Amino acid sequence: MKALLASLLLLAPPAFAQVVAIRAGAVIDPAHGSSARDQVILIENGKISRVGGAVPIPAGAVVVDLSHEWVAPGLMDAHTHMTLTEIAGDAPFESFYLNQSSTLRGLRGLHNAMAVLQAGFTTLRDVGNSAEWAMSDVRRAIDAGWFEGPTIIDSGKIIAPFGGQSRDIPPRQGPFWQFEYIDADGPAEIRKAVRTDIYYGAGVIKLVADNNPYHYSVEEFRAAVDEAHRAGIPVAVHVYAGDALDNAIEAGVDSIEHGFDLTDAQLKRMKDKGIFLVGTDFPRAHLDIVGTSGGILPPPAVLAPKIIDRLRRAHRIGVRMAFGSDTVIDMPGRTRADLMFDYLAVWRAAGVPPMDILRAMTSDAAELLRINKVRGSIGAGLSADLVAMPANPLDDIENLRKIDLIMKNGAIVRRPAALH
Ligand SMILES: [Zn+2]
């Protein structure tokens, strides 16, 4: 009760609505592929009220001078696993859910989520492998105001055909993968699994479709899509190739996650049906650490060039894309956000222009996450989630690594030294 009261107090609006006025050197609008110099952004009660070149600054407003900075919408990553760190090399994929409790996983998730907000990621879609709904509790703790973290949309447990992402576990060990997967076979079990995840707070349904020789049928995918869409939430499908991918496209899921072996014909069907690709386009250095992830992935030397080629084809064909990193490793001295920014080099290598990368990281990701009427662009009526940096990311997308001001819901969570 005390905690509930504390959270209500933290969420209570201030007695006097304080207007914040940002003087921006330039504002980037990825949704329209444009940018405008010398803009003023007015923010009231956490929301953007006006943006433009001739917007007067009201008397008494708090002015934030970003006149030498480039301002963009807050960044989004549509495929994270904040509670997960894989053991390097070819260790069995299952090892982390035998060795770590839901509590430890939740604390790791909170640590990582707070770190990535400090780098400019104001929204995350966390797609499972979070023990017993640990990431849902991270979300609740952040939403209650106990910790400063990004907006989180989480999937709860991953729904998969029997066995989750395990293979060849002896019967004597039991179905321990149910720690973070729901076994669901046939439309009726899938409907039950989707409802279970929604009950526990899922904002997206995540299916793994082709980890084992058996995979979901069109009918099974349709059951998931029907249940999820009726509750107003999207369906994300982990799938690499082949029949399972065809079935997911046919059933009208919202996003294909990974899709490393997507053919041009499949990409065209995705484009026609408005299905997003969340490519999780791993850089080679990360693949070298992950290895084959216990036999789930092809060797890094095979997969790395394949990913660049698939991303290039997807962009050329015009499939809608949301940035998703799938970062599941740690590197000494680097935050998880540093590792997420490593994926930008892959997008660049695939020839995707900076504006298109930014769109995948902001407004298009927001559309996939079904939050585009709330956040994802710098426009009147939207939540004030934005980032600022001294160098233009449209000249070099790597300039996103130099973000020095971050605002979430109108509150500055990090500011440049000059503004302290
Ligand atoms: Zn993943």
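Residues numbered from 1 in each chain as written. Predicted model: local features only at pLDDT ≥ 70, side-chain atom pairs only at ≥ 80, totals over all residues. Heavy atoms only, no water.

Undergrad: Mind laying out the pattern of salt bridges, listing which residues take part and the relevant values?
TA: Opposite charge on two side chains lets them pair, provided their charged atoms get close. This structure, assessed with the given rule, holds 30 salt bridges. Its salt-bridge partner being R269, residue D246 comes within 2.6 Å of it at the nearest N-O pair. Within this pair, whereas D246 is found in helix α7 (residues 242-251), its partner R269 is found in helix α8 (residues 264-273), the two being separated by 23 residues in sequence. D246 gets classed as partly exposed once you look at its relative accessible area, which sits at 27%. Judged by its relative accessible area of 36%, R269 is partly exposed. Measuring nitrogen to oxygen at the nearest pair gives 2.8 Å for the salt bridge that ties R320 to D364. Here D364 lies in helix α14 (residues 363-368) and R320 lies in the loop between α10 (300-317) and α11 (336-341), a separation of 44 residues in the sequence. Taking the relative accessible area as the measure of exposure, D364 reaches 12% and is therefore buried. It is possible to trace a salt-bridge network through shared partners that takes in R334, D342, R348, D396, E398 and R401. (Salt bridge = Lys/Arg side-chain N within 4 Å of Asp/Glu carboxyl O. Helix = DSSP H or I, 4+ residues; strand = E, 2+ residues; numbered from the N terminus. Buried < 20%, exposed > 50% of the residue type's maximum accessible area, 1.4 Å probe, protein only.)

Undergrad: Can you tell me about the packing of aromatic side chains, naming the residues and giving the values?
TA: One pass over the full model with this rule turns up twelve aromatic pairs. Summarising the aromatic geometry, the rings of Y199 and Y200 are spaced 5.0 Å apart at their centres and angled 90 degrees between planes, so their arrangement reads as edge-to-face. Between F323 and W347 the ring centres are 6.1 Å apart and the planes differ by 40 degrees, which places this aromatic pair in the tilted class. Separated by 24 residues along the polypeptide, F323 in the loop between α10 and α11 and W347 in helix α12 (residues 344-349) bring together distant segments of the chain. Taken together, F121, Y240, F260, F282, F323, F341, Y343 and W347 form an aromatic cluster joined through their ring pairs. (Phe/Tyr/Trp six-rings, centres within 6.5 Å; stacked < 30°, edge-to-face > 60°.)

Undergrad: Explain the coordination of the zinc ion to me, and be specific about the residues and the numbers.
TA: Those donors, H79 (NE2), H81 (NE2) and D326 (OD), are the protein atoms that reach the zinc ion, and they lie 2.1 to 2.3 Å from it. Residue H81 is classed as buried on the basis of its relative accessible area of 3%. Residue D326 is classed as buried on the basis of its relative accessible area of 8%. (Donors = N, O, S within 2.8 Å, 3.2 Å for Na, K, Ca; no water.)

Read these as spatial facts, not as claims about activity.
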